[in-house]
Amino acid sequence: MEVLLKFLGGTLNSITIKCMVLLVAALILRVLFLPSFPGFDGIEWSNLVYIRSHPPFTSSDFGIRQDKFLVVPQLVWGLNNQKIAFARACLTARMLNRTLLMPSLSASLFYKEIDLLQPISFDKVFQFEKFNTLCSGFVRLGHYSDVLNRTQVLEMLKGSGRRWTVERDLSQLKEYSRGSFDDYEVIQIVGKNPFLWHDHWPVKDYAKVFECLDLIDEIGKEADRVVSRIRAVEREVIGKSDSVELENSITSDSSSSQPLPYVAVHMRIEIDWMIHCKKLEQRLNTTQICSSKKEIMERVRNIVGLKTPVVVYLAVADKLLNNSSILEGWEEGFFPFEKKKLGVDGIYNKYPYLIQSAIDYEVCLRADIFVGNSFSTFSSLIVLERTQKMIRMNATSLCGTDVRWPSFAYNMPGESNGPMRWITNMSESSLQAISYGTTHISNC
């Protein structure tokens, strides 16, 4: 450096010019000897906090930072409320360009009495590594052990009330995604649970997250056992009927080598639901939310193209049921089964409410025909996934009578006084209709 200065000294007497030369030389030396790009394990300085660069991104991980994290409150309420809350937390982390630290779910149904909540880790229900593999490059989950500096946490308070508008919420997210806020290794959102956060994402983004959720093997195998039992009952029913042929079903893909079809009905007649839906009908000035057992049976019976005999699996929250006669009153040719009559109640009773709901969800998802309530998040998410299945199969029509995985809403009258055909509108700009229910359910 001294040689450089002596060389320039004869012609550059200005102190300013000498300082400029020194600055340029320093910059050249920094570029040559102190590279700080990801992958070189260089050193970054942020608010005087020493942070070592994360490993190099793969092409699929580009944009999902693995050294910045988001923490959200415990997810509560029913299984599908928690799935929506989880997806919303993932998409929030994506907007902030952060890894979501694995959230805690709630195994119990209690949500008003916080002390009665039974937390359960996400990876006790869904496959952690498989989620990151399937959602690679879109969203990412992390472990708390990934955090280097647990003292560098910035709390982000979610607003509430009517004054906390969608616009204000979005503005807050954008603010925390840059500047000094973004320097923090961990941002922790405090306040209401993610299901109640404002929604800024289209249905297709939520669908992508849901597709990455796969039950752990233990729970998946339990669902397999329930479905196998339903199939076995079908064979018994068909074997006792002299008038039915194996190809009689609502699907076009039928042969003696394929499993016989079954109908799954998400029968919402529990006492807590009936109280809720009556209030909802009054508030929305409609009569198309609540359905009695009689109405549900009539709508299922009138499904256009449905052949009998047929097994009907009734998915219902037994502990909340105030009507033990759900198996009575079905017409000839319909063979209704719930957990106890099917002989699988022992499988469900081993687990808390959340896992029971997860098994029932999988059984309904795999059904040849699904009938639910369009104001139920359980039913709505099943229909979303079934719609995705049809789209992935490049179905020429989602509304034909011979389409696979058809879904219906019994709370809405359809053709021949049957249930209305139900497909999810994947072009919706938010998850509002699925989260809170709607009577606008079909493009058929």
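Cut-off values and rules
Residues numbered from 1 in each chain as written. Predicted model: local features only at pLDDT ≥ 70, side-chain atom pairs only at ≥ 80, totals over all residues. Heavy atoms only, no water. Helix = DSSP H or I, 4+ residues; strand = E, 2+ residues; numbered from the N terminus. Buried < 20%, exposed > 50% of the residue type's maximum accessible area, 1.4 Å probe, protein only. Contact = heavy atoms within 4.5 Å. Areas by Shrake-Rupley, 256 points an atom, 1.4 Å probe, with all protein chains shown as cover. Disulfide = S-S within 2.5 Å. Pairing = 2+ DSSP bridges. Axes fitted to C-alpha atoms, helices over the stretch in contact; angles between N-to-C directions. Core = buried A, V, L, I, M, F, W, Y, C linked by side-chain atoms within 4.5 Å. Arc of directions from axis to C-beta. Polar contact = N/O pair within 3.5 Å; in protein donor to acceptor, adjacent residues only side chain to side chain. Salt bridge = Lys/Arg side-chain N within 4 Å of Asp/Glu carboxyl O.

Participant: Teacher, can you tell me more about the overall build of the protein here?
Facilitator: Within the protein, the secondary structure is distributed over 14 helices and 15 strands. Residue burial in the protein is summarised as follows: out of 444 residues, 50% are buried. Taking the intrachain contacts of the protein between residues at least 6 apart in sequence as the baseline, contacts between residues at least 24 apart amount to 72%. Put simply, the protein shows about 22500 Å² of open surface, and 54% of that area lies on carbon and sulfur atoms.

Participant: What's the story with helix α6 (residues 203–211) in this structure? I'm lost.
Facilitator: It helps to recall that an α-helix has 3.6 residues per turn; residues three or four apart then point in one direction. Looking only at α6, the buried set comprises V203, D205, Y206, A207, V209 and F210. Of the surrounding elements, those touching the buried residues of α6 are α3 (79–95), α4 (128–134) and α13 (377–392).

Participant: Which parts of the structure should I look at to understand the state of the cysteines?
Facilitator: The term disulfide refers to a covalent linkage connecting the sulfur atoms of a pair of cysteines. For the structure on display, the rule yields two disulfides. Note that C135 is cross-linked by a disulfide to C212, the S-S spacing being 2.1 Å. One quick way to see it: the torsion about the S-S bond of C135 and C212 is about 90 degrees, and its sign makes the bridge right-handed. Linking C135 in the loop between α4 and β7 (141–142) with C212 in the loop between α6 and α7 (217–239), this pair joins segments that are 77 residues apart in sequence. Taken as a pair, C135 and C212 share a single burial class, namely buried. Across a sulfur-sulfur distance of 1.9 Å, C277 and C290 are joined as a disulfide pair. As the torsion about the S-S bond is roughly 120 degrees, the C277-C290 disulfide counts as right-handed. Pair noted here: C277 is in helix α8 (residues 271–284) and C290 is in the loop between α8 and α9 (293–301), with a separation of 13 residues, a long-range link. Considering cysteine sulfurs only, C135 is the nearest to C90, which forms no disulfide, with 7.0 Å between them.

Participant: Before we go on, may I ask you to explain the sheet that holds strand β14 (residues 407–413) in this structure?
Facilitator: Strand pairs in the sheet, formed through backbone hydrogen bonds, run parallel or antiparallel to each other. Reading across the sheet, the six strands line up as β12-β11-β10-β13-β14-β15 and stay open at both edges, with mixed pairing between neighbours. Two strands bound the open sheet, and with one partner strand each, they are β12 (334–337) and β15 (419–421). The average undirected angle you get between the axes of adjacent strands in this sheet is 30 degrees. Judged from the four bridges that link them, strand β11 (residues 310–315) and β12 form a sheet pairing that is parallel. For V312, the partnering residue across the bridge sits in β12 and is P336. The sheet strands contacting α9 are β10 (262–266), β12, β13 (369–372), β14 and β15, and the helix crosses β14 at an angle near 130 degrees. Most of the contacts of α13 go to β13, to which it runs at about 150 degrees, and overall it touches β10, β13 and β14.

Participant: I would appreciate a short explanation of the nonpolar core in the present structure.
Facilitator: The nonpolar side chains of a soluble globular protein tend to be buried with one another. Among the nonpolar cores identified, the biggest contains 85 residues, and F86, F131 and I359 are the most heavily contacted of them. Sorting elements by how many residues they give to this core places α3 first, with nine residues. Counting residues in hydrophobic clusters, the runner-up holds 20 residues, among them V265, V316, I326 and W330.

Participant: Mind showing me how you'd approach α9 here?
Facilitator: Every buried residue of α9 is accounted for by K293, I296, M297, R299 and V300. Seen from one end, α9 has its buried residues packed into an arc of 165 degrees, which puts them on one side. For α9, the secondary structure elements touched by its buried residues are β10, β12, β13, β14 and β15.

Participant: Would you mind showing me how to read the side chain of K339 here?
Facilitator: Residue position: K339 is located in helix α10 (residues 339–342). Relative accessible area serves as the criterion here: at 5%, K339 is assigned to the buried category. From its side chain, K339 meets the backbone oxygen of V316 in a polar contact 2.9 Å long.

Participant: Can you help me understand the pairing of β11 in this one?
Facilitator: On any regular strand, side chains alternate: one points to one face of the sheet, the next to the other face. Taking burial as the measure, the six residues of β11 include six buried ones, the bulk of the element. Two elements, β10 and β11, share five bridges in a ladder whose sense is parallel. The partner of V265 across the bridge, within β11, is L314.

Participant: Would you explain the pattern of salt bridges in this entry?
Facilitator: One side chain can pair with another of opposite charge once the charged atoms of both are near each other. Scanning all chains against the criterion turns up 19 salt bridges. The residue K204 makes a salt bridge to D205 at a minimum N-O spacing of 3.6 Å. For D205, a relative accessible area of 15% puts it in the buried group. Among the ionic pairs, R299 bridges to E295, the shortest N-O distance being 3.6 Å. Separated by four residues within a single helix, R299 and E295 lie in helix α9, roughly one turn from each other. The exposure class assigned to R299 is buried, which follows from its relative accessible area of 9%. One salt-bridge network, in which partners are shared between bridges, spans R65, R98 and D182.

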